[in-house]
Amino acid sequence: MLCKYSTQKTRIGYMTLFVALALLSLSSNAAQPDTADTFQEWSAETRTSLSFQVNAEAVKPLLADGWVVPVVAENPDRVNLTVTFMDRHIVLDADGDAIGSGTSRYMVMSVQGRNHSDGQTSILIINGISPEGAGAYEVYQTAQEASAQRLVSGNGEQIGEVEETWQMTAESGDSIRLHLQYQPAVPVLREPTLVIRSAKNTGYTRTYKIEQASDSLGVPGEPGSRLQRFEFTARGPLFSAIFDGTEVLQSVTSTPWYHREIYVP
């Protein structure tokens, strides 16, 4: 029997599961305070990330003074940039209460930056589109639309197929749309800890303690790619400059399972 479902149709079941996992995570955090920072937030999400080489000149104005993004060695006009689409199924505060509606969808652009004066490196959040406005990093554009659709089909123990559509449109006129279809594989489990900075205010940091399972899908047309369909468009005053037609897609990664704790100084 063919089984088809969408994340929207299974929202109640996911919410129940994620609440139970969140309470376990919060209890574990309270019992093991292994950081001097303050625990602020827990979330369970599904993500899709795209890595590009893009126009370096378009990225420069988004960085704080004294910070640069190293150029690609073989192409000094390009820098590496990651676009991450996020479907946050449930978001809880430190007390286990829902933040806002308890769910959100948005898109984030990030780079690996370096401070000219001291050589310090960090992941910088440079832009994005969010229904919550500028956000903690003060760089997101306010969303007019931030939608996610994910259809999973499979039969028995078959791997199945996944089809996703993401549409992010800002009040400024910038917009990004992603549509892809692929056959997933067994994802790789990782538990990284990352310190993230705002590209606008680099003194502001958040520490992420992450549990994630990621699946590298390859690049369309290349050997080993499991992408059966891939469509990406970016328009608007800022996004058209970053994605000016010369961008090069480096990788596509699906993260169907992503849990994150956020700590702030």
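Structure shown above.
The sections below set out a description of the structure shown in this document. (Residues numbered from 1 in each chain as written. Predicted model: local features only at pLDDT ≥ 70, side-chain atom pairs only at ≥ 80, totals over all residues. Heavy atoms only, no water.)

**Quick word on the overall build of the protein**
Part 1: Helix and strand content of the protein: three helices and 15 strands.
Part 2: Put simply, the protein has 265 residues, and 47% of those count as buried.
Part 3: Long-range contacts, defined here as pairs at least 24 residues apart, represent 67% of the contacts in the protein between residues at least 6 apart. (Helix = DSSP H or I, 4+ residues; strand = E, 2+ residues; numbered from the N terminus. Buried < 20%, exposed > 50% of the residue type's maximum accessible area, 1.4 Å probe, protein only. Contact = heavy atoms within 4.5 Å.)

**Side note on the pattern of salt bridges**
Close approach of charged atoms allows side chains of opposite charge to pair.
Part 1: Applying the stated rule across the entire model yields ten salt bridges.
Part 2: The residue Arg88 makes a salt bridge to Glu41 at a minimum N-O spacing of 2.6 Å. With Arg88 in strand β5 (residues 75-93) and Glu41 in strand β2 (residues 38-55), the pair connects residues that are 47 residues apart, well separated along the chain.
Part 3: Residue Glu41 is classed as buried on the basis of its relative accessible area, which comes to 10%. (Salt bridge = Lys/Arg side-chain N within 4 Å of Asp/Glu carboxyl O.)

**Looking at the pairing of strand β13 (residues 205-216)**
Part 1: For β13, the tally of buried residues reaches nine of twelve residues, placing the bulk of the element in the interior.
Part 2: Where strand β11 (residues 188-190) and β13 come together, three bridges link them in antiparallel fashion. Its bridge partner being in β13, Arg190 is matched across the sheet by Gln212.
Part 3: Here strand β12 (residues 193-198) runs beside β13; their pairing, made up of five bridges, is antiparallel. Note on β13: the bridge partner recorded for Leu194 is Tyr208.
Part 4: Taking the residues that link successive antiparallel strands as the turn, the β12-β13 hairpin has six residues.
Part 5: Examined bridge by bridge, β13 and strand β15 (residues 248-264) share nine bridges and lie antiparallel to one another. Paired with Ile210 across the strands is Arg260, a residue of β15. (Pairing = 2+ DSSP bridges.)

**Some details on the packing of aromatic side chains**
Part 1: Scanning the entire structure with this criterion turns up seven aromatic pairs.
Part 2: When the centroid spacing of 5.4 Å and the interplanar angle of 45° are considered together, the rings of Phe39 and Tyr263 count as tilted. Highlighted residues: Phe39 in strand β2 and Tyr263 in strand β15, separated in sequence by 224 residues.
Part 3: With a centroid separation of 5.6 Å and an interplanar angle of 40°, the aromatic rings of Phe85 and Trp166 are classed as tilted. Taken together, the positions of Phe85 in strand β5 and Trp166 in strand β9 (residues 161-170) put the pair 81 residues apart, joining distant regions of the chain. Here Phe85 matches Trp166 in class, with each residue buried.
Part 4: An aromatic cluster is present here, built from Phe52, Phe232 and Phe243 joined pairwise through their rings.
Part 5: We note Arg47 situated over the ring of Tyr258; from NZ or CZ to the ring centre the distance is 3.8 Å.
Part 6: Arg260 extends its terminal NZ or CZ atom over the ring of Tyr208, reaching a point 4.4 Å from the ring centre. (Phe/Tyr/Trp six-rings, centres within 6.5 Å; stacked < 30°, edge-to-face > 60°. Lys NZ or Arg CZ within 6 Å of the ring centre and 35° of its normal.)

**Some remarks on unusual backbone geometry**
Part 1: Here Glu138, not a glycine, exhibits a phi torsion of approximately 65°, which is positive.
Part 2: On the secondary structure map, Glu138 appears in the loop between β7 (121-130) and β8 (141-154).

**Thoughts on the nonpolar core**
Part 1: Judged by nonpolar contacts, the single largest core of 44 residues is most densely connected at Ile126, Ile176 and Phe243.
Part 2: Dropping the residues within four chain positions of it, Ile126 is found in contact with Val59, Leu62, Leu63, Leu81, Met109, Ser110, Val111, Val139 and Ala199.
Part 3: The next biggest cluster of nonpolar side chains, apart from the first, holds twelve residues, and it includes Ile125, Tyr137, Tyr258 and Ile262. (Core = buried A, V, L, I, M, F, W, Y, C linked by side-chain atoms within 4.5 Å.)

**A word on the side chain of Gln53**
Part 1: Mapped onto the elements, Gln53 comes out in strand β2.
Part 2: A relative accessible area of 10% means that Gln53 is categorised as buried.
Part 3: Residues contacting Gln53, with those up to four places away along its chain left out, are Val72, Glu74, Arg78, Val79, Asn80, Glu247, Val248 and Gln250.

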